[in-house]
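Descriptive analysis of the structure
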Amino acid sequence: MEKRSVKTTAEDPTIPTRPGWEGLRVWWLVSGNETGSDNVLVNITHFPPGKQHEVHRHPDHEEVLYILSGSGLHHTGDEIIPVEQGEMTYTAAGEWHGFENNTDTLVQVLGVWGGVSDYAELGYEVPSGAGEP
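Report follows, based on the coordinates. Each chain carries its own residue numbering, running from 1 in the written order of its sequence. This being a predicted model, a pLDDT of at least 70 is required before a residue's local features are given, and a value of 80 or more before pairs of side-chain atoms are given or counted; all residues contribute to the totals for chains, interfaces and linings. Remark: hydrogens and water are excluded; side-chain values derive from all non-hydrogen atoms of the structure.

1. With respect to the overall build of the chain
Put simply, the rule is: The way it works is that DSSP assigns letters per residue, a run of H or I at least four long becomes a helix, a run of E at least two long becomes a strand, and they are numbered from the N terminus. It is over C-alpha atoms that the radius of gyration is taken, and the globule rule equals 2.2 Å times the number of residues to the power 0.38. Relative accessible area decides the class of each residue, using a 1.4 Å probe on protein chains only: under 20% of the type maximum gives buried, over 50% gives exposed, and in between gives partly exposed.
Tallying secondary structure elements over the chain gives 2 helices and 9 strands in all. Going from the N terminus to the C terminus, the chain shows its helices and strands as β-α-β-β-β-β-β-β-β-β-α. Here the chain has a C-alpha radius of gyration of 14 Å; the compact-globule value for 133 residues is 14 Å, and the two agree. Counting only C-alpha atoms, the chain reaches 40 × 30 × 25 Å along its principal axes. The buried share among the 133 residues of the chain stands at 36%.

2. Some points on the nonpolar core
We apply this condition: Working definition of a nonpolar core: buried Ala, Val, Leu, Ile, Met, Phe, Trp, Tyr and Cys residues. They are joined through side-chain atoms within 4.5 Å. Whether two residues are in contact is decided by their heavy atoms: any pair within 4.5 Å suffices.
Counting residues in each nonpolar core, the largest one holds 17 residues, and the members touching the most others are Phe99 and Val109. Contributing elements (two or more residues each) for this core: strand S1 (25-30), strand S2 (40-47), strand S4 (63-69), strand S9 (107-114) and helix H2 (119-122). With 3 residues, the top contributor of residues to this core is S9. Beyond its immediate sequence surroundings of up to four residues, phenylalanine 99 is in contact with Phe47, Gln52, His53, Ile67, Gly72, Leu73, His74, Val83, Val107 and Val109.

3. Overview of the environment of valine 55
Assignment of secondary structure puts valine 55 in strand S3 (residues 52-56). Along the primary structure valine 55 and valine 126 are separated by 71 residues, whereas in three dimensions their C-alpha atoms are 6.4 Å apart.

4. A short note on the packing of aromatic side chains
Applicable threshold: Under the pairing criterion, centres of Phe, Tyr and Trp rings, with the six-membered ring standing for Trp, must be within 6.5 Å; the plane angle then separates stacked pairs below 30 degrees from edge-to-face pairs above 60, leaving the rest tilted.
In total, this model carries 4 aromatic pairs according to the counting rule given. When the centroid spacing of 5.8 Å and the interplanar angle of 80° are considered together, the rings of tryptophan 21 and tyrosine 119 count as edge-to-face. In this pair, tryptophan 21 sits in the segment before S1 while tyrosine 119 sits in helix H2, placing the two residues 98 residues apart along the sequence. Per residue, the accessibility class of tryptophan 21 equals that of tyrosine 119, and both read buried. Relative to tryptophan 113, the ring of tryptophan 28 has its centre 6.0 Å away and its plane inclined at 45°; by these criteria the two rings are tilted. Placement of tryptophan 28 in strand S1 and of tryptophan 113 in strand S9 is noted, with a sequence separation of 85 residues between them. For the residue pair tryptophan 28 and tryptophan 113, the accessibility class agrees, reading buried in each case. The rings of Trp21, Trp28, Trp113 and Tyr119 are connected pair by pair, giving a single aromatic cluster.

Rendered as structure tokens:
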């Protein structure tokens, strides 16, 4: 058993350099590197006001997001769905999704991915033409 939190885990310093993650803060609480996990990846992400995680997909892994505090918009396919503290979203493997903090307060999200133990193995794709002028 390991007890983990953002107070005892180093923030990921590479997040600000990754396209689509600008302005976000991430702590990988459970991973192969952090805990020796083989099949689960867990993080806490802070979304400052007005920040978002671009629309993307993970071809082979499911994702669960649980809103710890605040509220925002979950982008999925052609839908934009409001979510708030205490609610969660489930995204099937291969489904396009993203999250946006459209408020003036910090949003804290718990992310969980199954069947994977490291971000590098998660798979991360953006739609064709994303980020192009």
